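# Structural description and commentary
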Amino acid sequence: TIPVLTIDGPSGSGKGTISRLVARRLDWHYLDSGALYRAIGVAAGWADLDLDDAGALVRCTFDTEIGFQEPEDGDLRVIVNGHDATDELRTETAGAAASAIAAIPEVRAALKDRQRAFRRPPGLVADGRDMGTVIFPDAPYKVFLTASAEERAERRYKQLKDKGVSVTMDGLLREILARDARDASRTVAPLRPAIDAVHIDTTGLGIEAVVGRVLAVVAP
Ligand code: C5P
């Protein structure tokens, strides 16, 4: 069978950056499952759909074509219904739509096979919230990344400051704690580690150190 390394964790744990680097290092395929939910969110926005209309969002999930392109020198591009939506995918609007859409069980079910189709030789690094628990429960390698709320707030603070957005550390920390509570208590796909996942706390660790620890899970 084709090996899979699942990397799950809360936002701000460094999942995206680490998963991409590890995939490149192993020369395996990479699945950004959050991008699928975000892509549906963007498509729903283009179609002016109501985020409370679950039926319309489920139809939108079936109708939306999502493609990934990996240029030799650049970042992954996400193509939604033929349009490059890479930049739009990263907006807060897309994130909020993604999280509303991700709470609909029929949407999650519809995306199951599409996510599993990424499992191709020589292997796959799958990044998300339920990769090790729901999508690839049989994966031989599972990692659960965490970081303290303070560290995640600090990372977010730096990102936003670089973009010229003015925020306070206090406000960000409160937002992150509120989101953690929401994520842990939501009834649809609550964030939890797979029982066989290796936990890695990235608090105070640099990117290279985390990449090293994750690679050690695959090749100890
Ligand atoms: O990871 P990212 O921030 O791109 O994910 C966007 C949203 O999609 C998250 O807020 C989460 O609610 C949802 N999601 C999910 N399951 C995944 C990946 C993302 O529910 N496997």
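What you see is a predicted model; the values in this text were computed from it and never measured. (Residues numbered from 1 in each chain as written. Predicted model: local features only at pLDDT ≥ 70, side-chain atom pairs only at ≥ 80, totals over all residues. Heavy atoms only, no water.)

Turning our eyes to something else, we now look at a negative patch on the surface. On the surface, a cluster of negative charge is made up of Glu 70, Glu 72, Asp 73 and Asp 75. Checked against the element boundaries, Glu 72 lands in the loop between strand S3 (66-69) and strand S4 (77-80). Given the relative accessible area of 84%, Glu 72 is considered exposed. (Patch = residues over 30% accessible without salt bridge, like charges linked within 9 Å, V, L, I, M, F, W, Y side chains within 5 Å. Areas by Shrake-Rupley, 256 points an atom, 1.4 Å probe, with all protein chains shown as cover. Salt bridge = Lys/Arg side-chain N within 4 Å of Asp/Glu carboxyl O. Lys, Arg positive; Asp, Glu negative; His and termini not counted. Charge placed at Lys NZ, Arg CZ, Asp CG, Glu CD. Helix = DSSP H or I, 4+ residues; strand = E, 2+ residues; numbered from the N terminus. Buried < 20%, exposed > 50% of the residue type's maximum accessible area, 1.4 Å probe, protein only.)

Looking now at the pairing of S4. Bridging between S3 and S4 involves 4 bridges; their strand directions are antiparallel. Opposite Gly 67, over in S4, you have Ile 79 as the bridge partner. Bridge count between S4 and strand S5 (residues 83-84): 2 bridges; the pairing is antiparallel. Its bridge partner lying in S5, Ile 79 is registered against Asp 84. Hairpin connection from S4 to S5: 2 residues lie between these consecutive antiparallel strands, with Asn 81 at a positive phi of about 45 degrees. (Pairing = 2+ DSSP bridges.)

This paragraph deals with the side chain of Asp 8. Turning to its location among the elements, Asp 8 is positioned in strand S1 (residues 4-8). Buried within the structure, Asp 8 lacks any salt-bridge partner; its nearest side chain of opposite charge belongs to Lys 15, at an N-O separation of 6.5 Å. Engagement of the side chain of Asp 8 in a polar contact is seen with the backbone nitrogen of Met 131, the distance being 2.9 Å. The contact partners of Asp 8, leaving out residues within four places of it in the chain, are Lys 15, Gly 128, Arg 129, Asp 130, Met 131, Gly 132, Val 143, Phe 144 and Leu 145. (Polar contact = N/O pair within 3.5 Å; in protein donor to acceptor, adjacent residues only side chain to side chain. Contact = heavy atoms within 4.5 Å.)

Glancing now at the packing of aromatic side chains. Scanning the model with the defined rule gives 1 aromatic pair in all. Between Phe 68 and Phe 118, the ring centres sit 5.6 Å apart and the planes meet at 75 degrees, which makes this aromatic pair edge-to-face. In this pair, Phe 68 is assigned in strand S3 and Phe 118 in the loop between helix H6 (105-116) and strand S6 (124-128), connecting sequence segments 50 residues apart. Taking relative accessible area as the criterion, Phe 68 reaches 24% and is therefore assigned partly exposed. (Phe/Tyr/Trp six-rings, centres within 6.5 Å; stacked < 30°, edge-to-face > 60°.)

Here the focus is the confidence of the model for the protein chain. For the protein chain, mean pLDDT is 92; residues scoring 70 or higher make up 100% of the total. Ranking the elements of the protein chain by mean pLDDT puts helix H9 (residues 169-185) last with 85 and S1 first with 98. (pLDDT = per-residue confidence, 0-100.)

This paragraph deals with the site of the ligand. Taken together, 14 residues sit near the ligand, with Ser 33, Arg 38, Arg 108, Asp 130 and Arg 186 positioned nearest. A distance of 3.0 Å separates a nitrogen atom of the ligand from a polar atom in the side chain of Ser 33. A distance of 2.6 Å separates an oxygen atom of the ligand from a polar atom in the side chain of Arg 38. Burial of the ligand by the surrounding chains reaches 86%, relative to a free accessible area of 450 Å². Taken together, the elements giving at least two residues each to the shell around the ligand come down to helix H2 (33-46) and helix H5 (92-101). If you tally residues by element for the shell around the ligand, the top one is H2, at 4 residues. (Near = heavy atom within 4 Å.)

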